[in-house]
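Letter by letter, the chains look like this.
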Amino acid sequence: MGNELLKLEGIEKSFPGVKALDGVNLTVTAGRVMALVGENGAGKSTLMKVLTGIYKRDAGTMTYLGKKVTFKGPAQSQKAGISIIHQELNLLPELSIAENIFLGREQVGSLGNILWNRMYTEADNLLKRLGISRSSKTRLGELGIGEQQMVEIAKALSFESRVIIMDEPTDALTDTETQALFTVINELRDADYGVVYISHRLKEIFDICDDVTILRDGKFIAEMPVAELTEETMIELMVGRKLEEQYPRIAVAKGNVQLKTDNLSADGVNEVCLEVCEGEIVGVAGLMGAGRTELMKAIFGANPVTGGCIIINGKKVHISTPKDALEAGIAFISEDRKADGLILGLSVKENMTLAALKHFSHAAGQVYHAKERDAVNQYIETFNIKTPSRKQAVGNLSGGNQQKVAIAKGLMTRPKVLILDEPTRGVDVGAKKEIYQLINTFKKEGMSIILVSSDMPEILGMSDRIVVMHEGRISGEFTAAEADQETIMACAVGKTR
Amino acid sequence: MTIQKKSLSTRLIEQKTLIALLAMILVVSLLNPNFFTTGNILNILRQTAVNAVIAVGMTMVILTAGIDLSVGSILALCGAIGASLIAAELPVAVAVGTSLAAGAIVGGVTGIIIAKGKVQAFIATLVAMTLVRGLTLVYTDGRPISTGFTDVADSFAVIGTGYLFGVPVPVWIMAVTFLGAWYLLNHTRLGRYIYALGGNETATRLSGINVDRIKIYVYAISGVLSALAGLIVTSRLSSAQPTAGAGYELDAIAAVVLGGTSLMGGKGTIIGTLLGALIIGFLNNALNLLDVSSYYQMIAKALVILLAVLIDTKSK
Ligand SMILES: Nc1ncnc2c1ncn2[C@@H]1O[C@H](COP(=O)(O)OP(=O)(O)OP(=O)(O)O)[C@@H](O)[C@H]1O
Ligand SMILES: [Mg+2]
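Heads up: these notes are all about the structure in this document. Sequence order as written defines residue numbering, which begins from 1 separately in each chain. Going through the entries in the order they are written, you letter the chains from A and number the ligands from 1. Totals for whole chains, interfaces and linings use all residues, but because this is a predicted model, local features are given only for residues with pLDDT of at least 70 and pairs of side-chain atoms are given and counted only at 80 or more. Calculation of side-chain values draws on the structure's entire complement of heavy atoms; hydrogens and water are dropped beforehand.

**A few points about unusual backbone geometry**
Piece 1. One non-glycine residue, A:Asn313, lies in the positive phi region at around 50°.
Piece 2. Only DSSP runs of H or I with at least four residues qualify as helices, and only runs of E with at least two residues qualify as strands; both kinds are numbered from the N terminus onward. Mapped onto the elements of the fold, A:Asn313 is located in the loop between strand 14 (305-312) and strand 15 (315-317).
Piece 3. Type-normalised accessible area, obtained with a 1.4 Å probe on protein chains alone, sets the label of each residue: buried when under 20%, exposed when over 50%, and partly exposed for intermediate values. Judged by its relative accessible area of 38%, A:Asn313 falls in the partly exposed class.
Piece 4. Notably, B:Ser238 is not glycine yet its phi reads approximately 60°, a positive angle.
Piece 5. As for its placement among the helices and strands, B:Ser238 is situated in the loop between helix 11 (211-237) and strand 4 (239-240).
Piece 6. B:Ser238 gets classed as partly exposed once you look at its relative accessible area, which sits at 32%.

Okay, here's the thing in structure tokens:
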């Protein structure tokens, strides 16, 4: 075993209304990858923020390279050799990839001039190492959220660090990108770095990590080599109880066709014909950039439709804004909750009812607070959202709990068609199952559900029918019985069926 | 996850604007016994009313992450319109209604330019500020418009100089404006949407909300309230000055910011703005009572605002 780089002991941290960490330990060893797992809101991100000095700890000690330390802020911990890739991206969309990577550390010549060529070359090399085929001169805003995540990773690698922390790095990555990241992590391990890896994808933990630290409700539960655990026992330690079948598929008699697109075209979408019936879940698979999100945004009126039409219950509808879509009974939960879904500064309550406020107010505009409060409390309970109260700002919730609020917000509009774009991204195993069960409840009530997901087991486990997209077109369609991972992947890369 | 109660100290810190106001009142009362008298307090409230009414509209605009620099010019134009109608001996209700409507139209058009034309609020209202000031000078020919010495003018004067139950009418107007704004922001859909828009415009649009309309509404409201302030000023002086209201946007913005509303939008309260406006009002009065020369008053006011904002950012 390598030597201990970093040791945290008895860490405590409270926020108004919440004790987020309560006596947590963590050890990072050179040449080993430490997984940090726990349910949404268990305190993983908070622990990392305490570690890097973003938050001040209330109690506990921190030993780094044999010395007791307290970092006053991320700049200090960064300088000492601890890099972190945060769960929430912190990049500037108007700057180039290279400028983002070297922000604040631009190399300058003798006249104070930025050495652009050197910067671009170094950035290009980093991108190549991560298997990204983009020029580092590209404006960051042009990248998809997955690629942006890779830029964050490139940035962390560009520092001379001993410890690299990754908070749910694969959340928005495709399988290929994830593989590229794993190659990098293996290289880091060989080069004697210490790595902390946070993820809700347990399979990844078994693939890439050596040890695991488990948290539950802010408390330290266990630290052990991954080899001593099975997926089941790990889940049990995380949630404190056994979980049965992860994908509780139910059979529901299919009703009439509820939503249909007829040769729908939009930016990145080419003549797509998609059908969803009442009580049906249609999974939409494909690689990143296949046009799935673009299609959904076009149906929802967030992106302009350039051809074809949308038919609901046999009637052609005109949708040019999200308002039209919501009025037609379509709800859309975006994959990018921070940019498109939530208003981080507003409370859980205000976010949840925002799209459905008409249901909670008088025609003249007066809001019925009691009615609103009851509905929100009920959703907090059914979704098991961890928040001190409905008045908490959504930005203070853990990532997974934010996602639950985003889904609840869509459901509050009582839609007939529910479009979920990567709904379980960043959601823990237990909560995932809760979300699946909720989706099933709505399915039983006759809701039509479109499930866009890059999580193959999820698509296979939940959908009645699976549609695969490639370069803006539908390249394959399967019933649940005939689909499997290989055939879907084949269609996703462009083989038609 | 254990739930904890908010401690008393955190609650107190949240009320720092109130504490600042009370501290100021206490200190000045000790320095000058004439300060804390009913007469003087009512006087301060009356003097605060104009800025406070404008600051209410400004709060809504700033909550949407916008800004309105045109308030002072609208005040002057609508004051002049009101004065000329009174001078023409039209009924007070007609003069007031026309003046308020003009404020709504000017504000609404600015809002349309911002929402539909995608012009930045700073630029659009800066243009409006100059343009409307120009219109006022043209309309008044650069001279004050007197409301005259008719019965109509006398009843119009009540708006700025009258008393109701011993309290000046402008103070009543201010109170009603704040109550209305408080209700709108906390108990109506529009209020909720104003906060949402300032917090995240994309997410608000994707929630099926017509964000353009919200923007137009807030600038129209700001316009109406500027016109109302213009009526108070005109009524008090029995005449409309073409240069009235110059620089008032800064006092209004200062009141909003002192009240803890974020210029980034989405965060803030109307109560905070009331306290902010009161602080500025009390400060002006206190500096007068303490015989500080008007040049030094400006400096002192600026420093107090700076201090308050610094304390605010520090405690975040
Ligand atoms: N700034 C804050 N203010 C108030 N509460 C906070 C703040 N940050 C985190 N919390 C609370 O602390 C707890 C732990 O949150 P944390 O983000 O660390 O969870 P997590 O384990 O990273 O979860 P996830 O897997 O969902 O990302 C949560 O209950 C959260 O609501
Ligand atoms: Mg987290």
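**What about the interface of chain B and chain A?**
Many descriptions give the size of an interface as the accessible area lost when the pieces come together.
Piece 1. Residue contacts are counted whenever heavy atoms from the two residues lie within 4.5 Å of one another. Counting from both sides, the interface comprises 25 residues of chain B and, opposite them, 38 residues of chain A.
Piece 2. When two parts are put together, the accessible area they lose, computed with a 1.4 Å probe and summed over both, is reported as buried area. Roughly 2,600 Å² of surface becomes buried between chain B and chain A when both sides are summed, with 58% attributable to carbon and sulfur atoms.
Piece 3. We define a salt bridge as a side-chain nitrogen of Lys or Arg found within 4 Å of a carboxyl oxygen belonging to Asp or Glu. Applying the counting rule to chain B against chain A returns two salt bridges.
Piece 4. For B:Arg192, the salt bridge is made with A:Glu372, and the minimal N-O distance between the two is 2.6 Å.
Piece 5. As used in this structure description, the phrase polar contact means that two N or O atoms lie within 3.5 Å; if the pair is within protein, one of them must be able to donate a hydrogen and the other to accept it, and residues adjacent in sequence are counted only when both atoms belong to side chains. At the junction of chain B and chain A, the tally comes to 13 residue pairs in polar contact (both at pLDDT 80 or more).
Piece 6. Put simply, the parts of the chain that give the side of chain B that touches chain A at least two residues each are helix 8 (169-187), helix 9 (189-199) and helix 10 (201-206) of chain B.
Piece 7. A per-element tally of the side of chain B that touches chain A places helix 9 of chain B first, with six residues.

**Here we look at the nonpolar core**
Piece 1. Among the buried residues, those of types Ala, Val, Leu, Ile, Met, Phe, Trp, Tyr and Cys that are joined through side-chain atoms within 4.5 Å form a nonpolar core. One finds B:Leu21, B:Met60, B:Leu185, B:Ile194 and B:Phe282 to be the most contacted residues of the largest nonpolar core, which totals 92 residues.
Piece 2. Residue contributions to this core peak at 15 residues, all from helix 3 (residues 38-63) of chain B.
Piece 3. Counting residues in each nonpolar core, the second largest holds 48 residues, with A:Ile132, A:Leu143, A:Met150 and A:Phe182 among its members.

**Observations concerning the pairing of strand 12 (residues 269-277) of chain A**
All names here are of chain A.
Piece 1. Two strands form a pair only when DSSP identifies at least two bridges running between them. One ladder, built from six bridges, connects strand 11 (residues 257-266) with strand 12; its direction is antiparallel. Residue pairing for strand 12: Thr-261 is matched across the bridge by Leu-274.
Piece 2. In this structure, the hairpin formed by strand 11 and strand 12 is closed by a connection of two residues, where Gly-268 is found at a positive phi of approximately 80°.

**Observations concerning the packing of helix 8 of chain B against helix 11 of chain B**
Residue and element names in this part refer to chain B.
Piece 1. In the contact formed by helix 8 and helix 11, the axes pass within 11 Å of each other and the chain directions differ by 170°. Relative to helix 11, the element helix 8 is oriented roughly antiparallel. Contacts from Pro-170, Ile-173 and Thr-177 in helix 8 reach Leu-225, Leu-228 and Ile-232 in helix 11.
Piece 2. In the contact of helix 8 with helix 11, the residues fall into five nonpolar, one polar and no charged. Orientation is described by lines fitted to C-alpha atoms, with helices fitted over the stretch in contact, and by angles between N-to-C directions that extend from 0 to 180 degrees. Note that the term roughly parallel is reserved for angles under 35 degrees, roughly antiparallel for angles over 145, roughly perpendicular for angles of 65 to 115, and oblique for everything else. Under the convention adopted here, Pro, Cys and the residues Ala, Val, Leu, Ile, Met, Phe, Trp and Tyr are nonpolar, Asp, Glu, Lys and Arg are charged, and Gly plus all remaining residues are polar.

**Observations regarding the packing of aromatic side chains**
All names here are of chain A.
Piece 1. Here a pair means two rings of Phe, Tyr or Trp (six-membered ring of Trp) with centres within 6.5 Å. Their orientation is stacked below 30 degrees between planes, edge-to-face above 60, and tilted elsewhere. Tallied over the full model, the rule gives eight aromatic pairs over all chains.
Piece 2. A ring pair is formed by Trp-116 and Tyr-120, whose centres lie 5.7 Å apart and whose planes are at 25°; its orientation type is stacked. Taken together, the positions of Trp-116 and Tyr-120, both in helix 4 (residues 116-129) and four residues apart, correspond to about one turn of that helix.
Piece 3. Judged by relative accessible area, which is 16%, Tyr-120 ranks as buried.
Piece 4. Taking the ring centre of Tyr-120 as reference, the NZ or CZ of Lys-137 above it sits at 5.1 Å. A positively charged side chain is recorded as over a ring if its NZ (Lys) or CZ (Arg) lies within 6 Å of the ring centre. The angle to the ring normal must also be within 35 degrees.

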